[in-house]
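Residue-level listing of the chains:
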Amino acid sequence: MSESSPAARLQQLFEGRRLTPTQRRIAHSMVRRAGDVPFLSSVELAELAGVSQPSVTRFAVALGFDGYPALRRHLREVAPAESVPGGGGGEDAYNEYQQAVLGEIENLRHLVELLADPGPVERAGRLLAASRPLLVLGLRAASSQARGFGYFAAKVHPDVRVLDEGGSMLHDRIDTARRAGATALICFALPRHPKEVVDALAYAREQGLTVVAVADSAFAPVAGHSDLLIPAAVGTGLAFDTACAPMLLGRVLLEAMCDDLPDAQARLEEFDARAAARGLFVE
């Protein structure tokens, strides 16, 4: 067996399955707690996902198992030794802050494995580079991801429009960009997922835009309204989620976009020259 992370193996187990919204919620919860799931009862998993215990049983059957005990046996068989309680992982020696950092390190390891196939990122880069203008959507918790991506994208892309506020003007701004020639929209979607984001993506696709999504899970609510979704998990060890992996994935997508913008390097050099002339940065 390959040395993929528990989260990666769970993602493979769920891929290609037609899951109900409740089942996607269970799958999402399992991926977020991949190291613990093989040792949870059906009741504990139901509490973790916020669903009923029978829903967990039906979920296991939908995956092809006789029931949840059979699914849990399968997960224990493929669990790495270090994930087994008492297996010498030493997590008990870390305080809650350290454990939160370790959780993010695991998310980044999962992202490393995901990027072993560069195809989706390269395809996204081509889509984003070709769109004039380029729309960048992110509301509430994801607004900082959208603004950060938009800030750097504007240095190499001729027309970037960040949509980081909801309201009745959101569809109008999508319409305006579409009339100006936009062909693609990149969305950052993080928990908790605003209904406005899902509605905006559905509308964008109705208007003919191709949607690229960076989401915390392949089972996020935006999945059904995305043409290309690349998952990057968020950390849940603190009171507020942490988003190191989505941020890094955003920078990777910027790199891929630059590869498809022939004048990207010239634009960066021009900006550096202007910044130096203005004394913009402290040396």
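Throughout what follows, the structure given in this document is the object of discussion. (Residues numbered from 1 in each chain as written. Predicted model: local features only at pLDDT ≥ 70, side-chain atom pairs only at ≥ 80, totals over all residues. Heavy atoms only, no water.)

1. Topic: the state of the cysteines
Here is step 1 of the chain: Following the criterion strictly, the structure yields zero disulfides and no others.
Here is step 2 of the chain: Free cysteine Cys244: the closest other cysteine sulfur is in Cys187, separated by 19 Å.
Here is step 3 of the chain: By relative accessible area, which is 35% here, Cys244 ends up partly exposed. (Disulfide = S-S within 2.5 Å. Buried < 20%, exposed > 50% of the residue type's maximum accessible area, 1.4 Å probe, protein only.)

2. Focus on the sheet that holds strand β1 (residues 134-137)
Strand pairing in a sheet relies on backbone hydrogen bonds. The paired strands run either parallel or antiparallel.
Here is step 1 of the chain: Taken together, five strands build an open sheet; the order of strands is β2-β1-β3-β4-β5 and the sheet is parallel. Of all strands in the sheet, those bounded by a partner on one side alone are β2 (160-163) and β5 (228-231). Taking the axes of each pair of neighbouring strands and ignoring which way they run, one obtains an average angle of 15° across the sheet.
Here is step 2 of the chain: Strands in contact with helix α7 (residues 119-130) are β1, β3 (184-189), β4 (210-215) and β5; relative to β5, the strand with the most contacts, it is inclined by about 130°. (Pairing = 2+ DSSP bridges. Helix = DSSP H or I, 4+ residues; strand = E, 2+ residues; numbered from the N terminus. Axes fitted to C-alpha atoms, helices over the stretch in contact; angles between N-to-C directions. Contact = heavy atoms within 4.5 Å.)

3. Observations concerning the environment of Val252
Here is step 1 of the chain: By the secondary structure assignment, Val252 is in helix α11 (residues 244-259).
Here is step 2 of the chain: With 197 residues separating them in the primary sequence, Val252 and Ser55 have C-alpha atoms 37 Å apart.
Here is step 3 of the chain: Not counting the four nearest positions on each side in its chain, Val252 is found in contact with Leu115 and Val121.

4. Describing the packing of helix α6 (residues 96-114) against α11
Here is step 1 of the chain: Packing of α6 against α11 leaves a shortest axis separation of 9 Å and a crossing angle of 35°. Crossing geometry of α6 relative to α11 is assigned as right-handed. Residues Glu104, Asn107, Leu108 and Leu111 of α6 pack against Cys244, Ala245, Leu248 and Leu249 of α11. (Left-handed = near helix turned anticlockwise from the far one by under 90°.)

5. What to know about the packing of helix α8 (residues 143-153) against α11
Here is step 1 of the chain: Contact geometry for α8 and α11: axes closest at 10 Å, N-to-C directions at 25°. With respect to their mutual orientation, α8 and α11 come out roughly parallel. For the crossing formed where α8 meets α11, the hand is right-handed. Taken together, the residues of α11 that come into contact with α8 (itself represented by Gln145, Gly148, Phe149, Phe152 and Ala153) are Pro246, Met247, Gly250, Arg251, Leu253, Leu254 and Met257.
Here is step 2 of the chain: When its residues are assigned to classes, the contact of α8 with α11 shows eight nonpolar, three polar and one charged. (Parallel < 35°, antiparallel > 145°, perpendicular 65-115°, else oblique. Nonpolar A, V, L, I, M, F, W, Y, C, P; charged D, E, K, R; others polar.)

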